[in-house]
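Architecture and fold: a report
Each chain is listed here by its residues.
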Amino acid sequence: MNDPLEITFEESLKLDNPLYVDVRAPIEYDEDHIPGAINLPIFNDEERKEVGTLYKILGKDEAIKRGAEIGGKRIVDIIKSLTDIKDKTIIIYCARGGMRSASVASIINSLGTKTYKIINGYKSFRKNVLEYLSTVIIKPKIFILQGFTGTGKTEILRFINNSIDLEAIAGHRSSIFGGIGLRQKSQKFFETSLWNRLEELKNEKFIIFEGESRKIGNLHIPENIFNQMREGAMINIEAPMGKRIEIIRNEYSEFCMNEAILKIVNSLRKRLGSKKTDMLIEFYNNGNIDEFIRILLLDYYDILYKHTLDRYEYIDTVINNNSKEACNRVLEIIDKYMDM
């Protein structure tokens, strides 16, 4: 059996047509993985747990024996699916660059298909991401879309190619109702996605973010990135109340009957008072969704964010009656600002 070619993650980035193969269990892959990697696990989640328990109780030799027993056939299947690949550079990794990745990479290499293994596996990739996010100086000019809830900041962002939608990569809309109907990503996956997107846009003239607090749901924007966002040029987005209601209704229409909504409304009772909370519940139960949204915007969200938004200095204001037209106006403002 030939030893695989060991490389660092940084070295793997320089290879032509890389195909990253993650042989960790699905639960590990789902938490985070190298962007574009495919998951061909040696163990499923239960098998991984079993081997890990054996390692702790009976030691390494017993864990290896059991791992070979339950993972042997799957390794054969993985090898079959990879040995026919001719146009990609195969790069195998597991959690720490240990036995899982070494066993697969060695066999494929011995069969004549040039294969690489990442030294220290996912662990080295994760270290790379964390170092990058804590030290990177974002070279493109940063612009931030600020404004009250429902003014269409996210809609505008989606029309712009060189934007970073932090809420989308977090799997949360960054509000008290923001997790409804969505599956929030892990902190690791969020950071990996942010690293990947910043790398994709590093040669652009500018990047646009939506204004966010430090936290999006339960996730934290890395401090170095957040501090640079705070120094960005701010563009204020406003919209008539009717447009704001329409945007919120469209965003949540699929989840309008979600039982979590009334639980969240009840959690606002101390802030809104019982009379207004009961009114909201009545509007919701009667299907008067527009009035339900209007009261939440005026009496909760606008009051919550007004002080913060009033503190900012804006390079311009855009009135959003149509998000596509508002996007064009935002780009005009940016072009003018960049030429100054």
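Below, the structure is looked at part by part. Not measured: the values here are computed from a predicted model.

It is the contact of helix 14 (residues 274-285) with helix 15 (residues 289-311), at a shortest axis distance of 7 Å, that shows an interaxial angle of 150 degrees. Of the possible angle classes, the one that applies to helix 14 and helix 15 is roughly antiparallel. For helix 14 against helix 15, the interelement crossing comes out left-handed. Taking contact as the criterion, the partners of Lys276, Met279, Leu280, Phe283 and Tyr284 in helix 14 are, on helix 15, Ile289, Glu291, Phe292, Ile295, Leu296 and Asp299. A breakdown of the residues in the contact of helix 14 with helix 15 according to their chemical character gives eight nonpolar, no polar and three charged.

Using the criterion set out here, one finds 11 aromatic pairs in the structure. Seen in terms of ring centroids, Phe143 and Tyr337 are 5.5 Å apart; in terms of plane orientation they differ by 80 degrees. Their pairing is edge-to-face. Of this pair, Phe143 sits in strand 6 (residues 141-146) while Tyr337 sits in helix 16 (residues 323-339); the two residues are 194 residues apart in sequence, bridging distant segments of the chain. Every member of this aromatic cluster is reached through a ring pair, and the members are Phe9, Tyr20, Tyr122, Phe125 and Trp195. A cation over an aromatic ring shows up here: Arg24 above the ring of Tyr122, its NZ or CZ 4.4 Å from the ring centre. In this arrangement the basic side chain of Arg173 is found over the ring face of Tyr252, its NZ or CZ atom lying 4.4 Å from the centre.

Further remarks concern the nonpolar core. One finds Leu166, Leu198, Phe209 and Ile225 to be the most contacted residues of the largest nonpolar core, which totals 37 residues. For this core, the elements supplying multiple residues, two or more each, are strand 4 (89-93), strand 5 (115-118), helix 6 (121-135), strand 6, helix 8 (166-170), helix 9 (187-200), strand 8 (206-210) and helix 10 (223-230). With five residues, helix 6 is the largest single contributor of residues to this core. The residues touching Leu166, leaving out its near neighbours within four places in the chain, are Phe190, Leu194, Phe209, Glu212, Ile216, Ile221 and Met229.

Residues that lie three or four places apart on an α-helix share one face, since the helix turns once every 3.6 residues. Helix length check: helix 9 (14 residues) gives 20 Å between terminal C-alpha atoms against 20 Å at 1.5 Å per residue, within 8%. Turning to helix 9, its buried residues number three or more, namely Phe190, Glu191, Thr192, Ser193, Leu194, Trp195 and Leu198.

The element strand 8 is extensively covered by neighbouring structure, given that five of its five residues are classed as buried. Where strand 6 and strand 8 come together, five bridges link them in parallel fashion. Directly across from Phe143, in strand 8, lies its bridge partner Ile208. With two bridges connecting them, strand 7 (residues 163-164) and strand 8 associate as parallel partners. Bridge pairing in strand 8 links Ile164 to Phe209.

Right, let's talk about the environment of Gly179 for a bit. Structurally, Gly179 can be placed in the loop between helix 8 and helix 9. Its relative accessible area of 31% is what places Gly179 among the partly exposed residues. Here the alpha-carbon distance between Gly179 and Lys73, two residues 106 residues apart in the chain, equals 40 Å.

Quick notes on the rules
Residues numbered from 1 in each chain as written. Predicted model: local features only at pLDDT ≥ 70, side-chain atom pairs only at ≥ 80, totals over all residues. Heavy atoms only, no water. Axes fitted to C-alpha atoms, helices over the stretch in contact; angles between N-to-C directions. Helix = DSSP H or I, 4+ residues; strand = E, 2+ residues; numbered from the N terminus. Parallel < 35°, antiparallel > 145°, perpendicular 65-115°, else oblique. Left-handed = near helix turned anticlockwise from the far one by under 90°. Contact = heavy atoms within 4.5 Å. Nonpolar A, V, L, I, M, F, W, Y, C, P; charged D, E, K, R; others polar. Phe/Tyr/Trp six-rings, centres within 6.5 Å; stacked < 30°, edge-to-face > 60°. Lys NZ or Arg CZ within 6 Å of the ring centre and 35° of its normal. Core = buried A, V, L, I, M, F, W, Y, C linked by side-chain atoms within 4.5 Å. Buried < 20%, exposed > 50% of the residue type's maximum accessible area, 1.4 Å probe, protein only. Expected span 1.5 Å × (residues − 1). Pairing = 2+ DSSP bridges.

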